[in-house]
Amino acid sequence: MSKTPNTPVSSEPKWRRYLRFIRPNAAADLDDELRDHLDSTIEALMKDGWAFDAARAEALRRFGDVSRIRSTVQRIDRTHEKRQRLSTSLDAFIHDLRHAARGLRRNPTFAIVASLSIALGVAANTTVFSIVNTLLLRPIGGAHAGPLVHVYQNHHSPLGWREIAWFRANARSFEYLVGERTEAISFRETSSAEPERIRAAFVTRGFFPGLGVRTAIGRSFDVDEITGTPEPVVMLSYAFWQRRFAGDSSVIGRTISLGSQPVTIAGVAAREFRSSILGWTSDVFVPFAIEPLLTGGGRTLDDFGGSFYMTARLARGARPQDANNELRVLTAALARTDSARYDRTTFRVDNVRGINAELRQFITIASVFLMTMVAMVLLIACANVANLLLGRGAARRMEIGVRLALGVSRARLMRLLLTESFLIAALGSLLGFAVAWILVRVIPAVAPPEAGLDATFFAPDHRVLIFTAALCVITTVLFGALPARRAASAHVAGIIKGDDVAPTKRKRSALLGFQTALCVLLLVVPSLFARSIASMQRVDPGFTPQGVVDVSVDLGLLGHAVDTQAVFSDIRKRASALPGVTSAALVAAVPLTGSNMETRLLPEGRAIASRFDAPSTYFNVVSPGYFATLRIPLIAGRDFTDRDSRGAPRVAVIGQTTARRLWPDDNALGKRFHWGASDGPLVEVVGVARDADYVMPGEAPKTTVYMPLAQESTTKMVLQLRTTANVASVRRAVWDLLREVAPTLPPPPVVAMTDEMSVTILPVRAAAMFLGAFGGLALLLAAAGIYGVASYSVARRTREIGIRAALGATRRQLLAMVLKETVRRVSAGAGIGVLLALAAGIGLSRVLYGVRAVEPLVLIGVPALIGVVAMVATLAPARRAARSNPVTAIRAQ
Amino acid sequence: MADRDVDLIQGTLNVLILKTLSWGPMNGYAVAHWVRQTTLGDIELEEGALYPALHRMEHRGWISAEWGLSENNRRAKFYRLTPAGRKMLRERARSWERLVTAVGRVLNAETREIAPVAS
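Everything numeric here is computed off the predicted structure, so don't read it as measured data. (Residues numbered from 1 in each chain as written. Chains lettered and ligands numbered in written order. Predicted model: local features only at pLDDT ≥ 70, side-chain atom pairs only at ≥ 80, totals over all residues. Heavy atoms only, no water.)

### Notes on the overall build of chain B
Okay, step 1: In terms of helices and strands, chain B carries 4 helices and 3 strands.
Okay, step 2: Of the regular secondary structure in chain B, the N- to C-terminal order runs α-β-α-α-β-β-α.
Okay, step 3: Looking at chain B as a whole, 32% of its 119 residues qualify as buried.
Okay, step 4: For chain B, the accessible surface area stands at approximately 8000 Å², while carbon and sulfur atoms represent 56% of it. (Helix = DSSP H or I, 4+ residues; strand = E, 2+ residues; numbered from the N terminus. Buried < 20%, exposed > 50% of the residue type's maximum accessible area, 1.4 Å probe, protein only. Areas by Shrake-Rupley, 256 points an atom, 1.4 Å probe, with all protein chains shown as cover.)

### Side note on helix 13 (residues 357-395) of chain A
Okay, step 1: In a regular helix each residue adds 1.5 Å, so 39 residues correspond to 57 Å; helix 13 of chain A covers 56 Å between its end C-alpha atoms and thus fits that length.
Okay, step 2: Roughly 25° is the biggest bend found in helix 13 of chain A, and it falls at I363(A). (Expected span 1.5 Å × (residues − 1). Bend = angle between axes of the 7 residues up to and from the residue.)

### So, the state of the cysteines
Residue and element names in this part refer to chain A.
Okay, step 1: Tallied over the entire structure, the rule returns 0 disulfides over all chains.
Okay, step 2: Here C382 stays free of any disulfide, with the sulfur of C472 as its closest cysteine sulfur at 11 Å.
Okay, step 3: Take C382: its relative accessible area is 4%, and that puts it in the buried class.
Okay, step 4: Given the relative accessible area of 8%, C472 is considered buried. (Disulfide = S-S within 2.5 Å.)

### Side note on a nonpolar patch on the surface
Residue and element names in this part refer to chain A.
Okay, step 1: A grouping of I112, L116, L431, V435, W437, I438, L439, V442 and V446 is seen on the molecular surface, where their side chains present a nonpolar patch of about 790 Å² in accessible area.
Okay, step 2: Residue assignment for the nonpolar patch shows that the elements contributing at least two residues are helix 5 (108-137) and helix 15 (410-446).
Okay, step 3: In terms of residues, the nonpolar patch owes the most to one element, helix 15, which gives 7 residues. (Patch = residues over 30% accessible without salt bridge, like charges linked within 9 Å, V, L, I, M, F, W, Y side chains within 5 Å. Salt bridge = Lys/Arg side-chain N within 4 Å of Asp/Glu carboxyl O.)

### A closer look at the side chain of T657(A)
Okay, step 1: On the secondary structure map, T657(A) appears in helix 21 (residues 656-662).
Okay, step 2: Non-local contacts of T657(A), meaning those with residues more than four positions away in its chain, are made with D691(A), P701(A), K702(A) and T703(A). (Contact = heavy atoms within 4.5 Å.)

### Things to note about the sheet that holds strand 1 (residues 26-27) of chain B
Okay, step 1: With antiparallel pairing, the 3 strands of this open sheet are ordered in space as 1-3-2 (chain B). The sheet terminates laterally at strand 1 and strand 2 (63-69) of chain B, the two strands that pair on one side only.
Okay, step 2: Against the sheet, helix 2 (residues 26-47) of chain A makes contact with strand 1, strand 2 and strand 3 (75-81) of chain B, and its axis sits at roughly 90° relative to strand 3 of chain B, the strand it touches most. (Pairing = 2+ DSSP bridges. Axes fitted to C-alpha atoms, helices over the stretch in contact; angles between N-to-C directions.)

### Examining helix 3 (residues 50-60) of chain B
Okay, step 1: Residues of helix 3 of chain B that are buried: L50(B), Y51(B), P52(B), A53(B), L54(B), H55(B) and M57(B).
Okay, step 2: Count one or two residues on from helix 3 of chain B and you reach G61(B), which has phi positive near 85°.

### With respect to the nonpolar core
The nonpolar side chains of a soluble globular protein tend to be buried, and buried together.
Residues and elements named next belong to chain A.
Okay, step 1: Counting residues in each nonpolar core, the largest one holds 85 residues, and the members touching the most others are F479, F529 and F774.
Okay, step 2: At 16 residues, helix 13 tops the list of elements feeding residues into this core.
Okay, step 3: Excluding anything up to four places from it in sequence, F479 contacts I118, C382, V385, A386, L389, S421, I424 and A425.
Okay, step 4: Y238, V551, A584 and L601 belong to the second-largest nonpolar core, a separate cluster that totals 64 residues. (Core = buried A, V, L, I, M, F, W, Y, C linked by side-chain atoms within 4.5 Å.)

### A few points about the interface of chain B and chain A
Okay, step 1: Each partner contributes to the interface: chain B provides 24 residues, whereas chain A provides 25 residues.
Okay, step 2: Between chain B and chain A the total buried area reaches about 2100 Å² when both faces are included, carbon and sulfur atoms providing 51% of it.
Okay, step 3: With a closest N to O distance of 3.9 Å, E33(A) and K77(B) form a salt bridge.
Okay, step 4: Counting residues per element, the ones that place at least two in the side of chain B that touches chain A are helix 2 (28-38), helix 3 and strand 3 of chain B.
Okay, step 5: Its residues assigned to classes, the side of chain B that touches chain A shows 9 nonpolar, 7 polar and 8 charged. (Buried area = accessible area lost by both parts, 1.4 Å probe. Nonpolar A, V, L, I, M, F, W, Y, C, P; charged D, E, K, R; others polar.)

### Thoughts on the environment of M817(A)
Residue and element names in this part refer to chain A.
Okay, step 1: Among the secondary structure elements, M817 is positioned in helix 26 (residues 811-847).
Okay, step 2: We classify M817 as buried; its relative accessible area is 13%.
Okay, step 3: Along the primary structure M817 and S220 are separated by 597 residues, whereas in three dimensions their C-alpha atoms are 78 Å apart.
Okay, step 4: Every residue in contact with M817, bar those within four places of it in the chain, is listed here: R797, E800, I801 and R804.

### Some details on a positive patch on the surface
Residues and elements named next belong to chain B.
Okay, step 1: Together, R86, K87, R90, R94 and R98 give the surface a local cluster of positive charge.
Okay, step 2: Its place among the elements puts R86 in helix 4 (residues 83-108).
Okay, step 3: Given the relative accessible area of 38%, R86 is considered partly exposed. (Lys, Arg positive; Asp, Glu negative; His and termini not counted. Charge placed at Lys NZ, Arg CZ, Asp CG, Glu CD.)

### A word on the environment of S89(A)
All names here are of chain A.
Okay, step 1: Note that S89 resides in helix 4 (residues 66-106).
Okay, step 2: Along the sequence, S89 and E180 sit 91 residues apart, while their C-alpha atoms lie 54 Å from each other.
Okay, step 3: Polar contacts involving the side chain of S89 include one to the main-chain carbonyl oxygen of L86, which spans 3.1 Å. (Polar contact = N/O pair within 3.5 Å; in protein donor to acceptor, adjacent residues only side chain to side chain.)

### Concerning unusual backbone geometry
Residue and element names in this part refer to chain A.
Okay, step 1: For the bond running from G146 to P147, omega is -10°, close enough to zero to count as cis.
Okay, step 2: Within the fold, P147 resides in the loop between helix 5 and strand 1 (148-153).
Okay, step 3: At A246, a residue that is not glycine, the phi angle is positive and equals roughly 50°.
Okay, step 4: Position of A246 relative to the elements: it lies in the loop between helix 8 (238-245) and strand 6 (255-258).
Okay, step 5: If you check the backbone angles, R631 has positive phi at about 60° while not being a glycine.
Okay, step 6: A relative accessible area of 49% means that R631 is categorised as partly exposed.

### Let's talk about the environment of G788(A)
Okay, step 1: Relative to the helices and strands, G788(A) is located in helix 24 (residues 762-796).
Okay, step 2: On a C-alpha basis, the gap between G788(A) and A873(A) in space is 8.5 Å, while along the polypeptide they are 85 residues apart.

### Topic: the packing of aromatic side chains
Okay, step 1: Under the definition given, this model contains 25 aromatic pairs over all chains.
Okay, step 2: When the ring of F627(A) is compared with that of Y706(A), the centres are 4.9 Å apart and the planes differ by 80°; the resulting orientation is edge-to-face. With F627(A) in helix 20 (residues 626-630) and Y706(A) in strand 19 (residues 704-708), this pair connects stretches of sequence that are 79 residues apart.
Okay, step 3: Pairing W23(B) with W34(B) gives two aromatic rings, centres 6.1 Å apart and planes at 40°, and the pair type is tilted. Note that W23(B) is positioned in the loop between helix 1 (3-21) and strand 1 and W34(B) in helix 2, a separation of 11 residues in sequence.
Okay, step 4: Look at W23(B) and you get exposed, because its relative accessible area is 57%.
Okay, step 5: Three or more aromatic residues link up through ring pairs in this structure, and these residues are F207(A), F208(A), F221(A), F273(A) and F285(A).
Okay, step 6: One residue, K702(A), lies across the ring of Y618(A), its end atom 4.1 Å from the ring centre.
Okay, step 7: We note R75(B) situated over the ring of W67(B); from NZ or CZ to the ring centre the distance is 3.9 Å. (Phe/Tyr/Trp six-rings, centres within 6.5 Å; stacked < 30°, edge-to-face > 60°. Lys NZ or Arg CZ within 6 Å of the ring centre and 35° of its normal.)

Any functional reading would require information that these geometric values do not contain.
Rendered as structure tokens:
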């Protein structure tokens, strides 16, 4: 051969090909293979008499597109290799897992204690995250349409009918704009049955299709408020259908009575759907179009529609900021139609996940706080396991030394040890998840029924599962990395000779101190919460709730128009005459039960540019006798009387602070103010009452005004009775009384005022409960950790103890020697913990009522408690050491 | 091109390669040469197309490969049929023959013997 054909298959430099002698080079191999093919073809052709250039061209023609084929083959090879690598590493991982499992089986106590520690930490974290997930992250359950947003007025307020109609007609960013409002309503299964009080959700047009809510059975409805015929149909909620109709599918088409109107059941909503608003649970869904029909009295949609919580489905391609921009433009246009009402009003869209904007900020802060606290529990658990692993590593020094001597690489050894840690974390996480799964179903059961939580409310979903899986990996690294590195970095020669002293002591005491510090913090925080609750219960709210029973009387439930003033007055007078009742009154918002109303007062004759410049004032609507019933002293003037009726001059009783703020230099009695706006009705002050708490116990006094019931048009009041009788007998008496006065009224709830008031401190109490549980867990874990470290250190010093005993040390001395070490570590940790707790106290004293930044009792009590626990945990191993026989102790290796 | 066509062509190519390799180990060039010779040029094979097929079958374990030297002392990759490949060849050959017979029967039919389905 005169000329060796050398077909350039790749542009790679030639020397690269030698790389394959060092490691397999797939690319170069492929090039060689293809080059062999082309060169063979060229040689064969040249043998047949072809010229080189022609032969080469023919060879390439026969072969086809070289670079395309090359890349195809490369892709095939790469895919294969990737698959191969994956299965190899999976095999290796499974092999390591098996190895780790064998190791753990040989030492079951260690395996159980370690994975239980992690399980406790993971269970607490997963439980809290499940709740956070529900409250902040989960989209509307059972709503299959996307993308959804909530729409609010002024940051977090609901919308009225006028705004809904306006945006629905004009906003192009929304494909659907739907609202929901919930109210109690009177329900009768047949027109002759006894009335019951249930919750109805009034929903606007497009609610079910807009949210993509499916029906369990039957059909949903979609009634337009203006053009639609007010078809009297309703849908049942799944839970109500199950509870009240035992899931009977023949309810479809049946007629029931709502308010006092017959309505037809069209369908039952899907099980997962409760409401467009998290936390609401309604029994029936009713088209808003028929609300005037049900609750009657010739009112129009405008009279009802002031409290719709809105959800919108964004139009295709519209982003939330587009919707916000459009809302701004449309609000300006709306303000031009009614500037007095909409001048300072804003509208915005907001995330549809989790709780309403109203509570979001509070819940977010609380969530971050609780998650931080519960993460510390997991840290303590990790420190425990790390400690156990360090001890185990020390005990396995020989095994590891032999492995290293046999040539197992340190990286491989670390992988083996980390796999063992992973196995512990995985076992713990699985168990922890299972416990959390149960716990989140128990929490709704112990929560007060008013919270309306069903068993699956906090149920974990895929997000929680991912969270737990992430915890598993994080904990593996947290507790496994340090011991694995330490074990794998051991000195082979030293270990095998037996004179390698694993220098783990300092690490272990650092871990112990760290645990103690966190434990102090985790016990101090719930103590502060408990103190706050105690302070709130001790504080004088300015009235006397003990001995008062509340009865909600909602005349809207009658379903027909009545002279509400006459009915209320009748009820109050009859109730005052009930046996045991010393005084009775009606009030619109019972103080400290979570409801309140605000307005603005503008003193007569004072120039104020806008109503927003007048002080925001709490207001309440009360009947005569309210101040006497709650024992709120009147400082000046008089209580309302029956003469302060609709036609009479408008009058008010104001709070002490109101009097001082509005008329600082003057007697408030006889003064007048405009109600609500500068052109609002003039109201004369006839009385001044002592300040009383309204929203939170112990709050700083705010301006408050009381208006007489007879001059307002409220239909929903609470009858308050000061009585010596118990709640049950009051309930019977009041129900009898109401049946006489208003036979179509469903029997209302009757509860002690103090019970109702516990709602205000419910969040604090719930937080305290959780934090207390974390503190308990922390203490348990820390005690286990201290016990473990003490046992280990005693075991390591057996020989030393034996020698000392042989040399004549008394048991007391030996005991002191062993205890000293633990005491030193624990007290160092406790000191740091107290500093942490001080910082936490400074923060919490700003938000918690009645808590000082420095609570000496707590700051001394908690470390003392931990000290006692640490002593007990150390004592058993220490006594064991002191009692041991010097001879055997000295012989011990 | 529809996937079905690729499958058919690839399947056919696989059978050809397996059959060729049943005569003994050879490199890609030899496979191509042998196919060209045997079919008397009736199958116009794009020779490069052999290689994806060869590599794929190697990954599947139907053929194995080893490096050797070609006639001109070039590094060359020789493929050899594995027992799995031999089994595959038997199966594929059988189904190929069935297909050919069936298609042939249809194409050679002279009368429409089957009664039309009543409408």
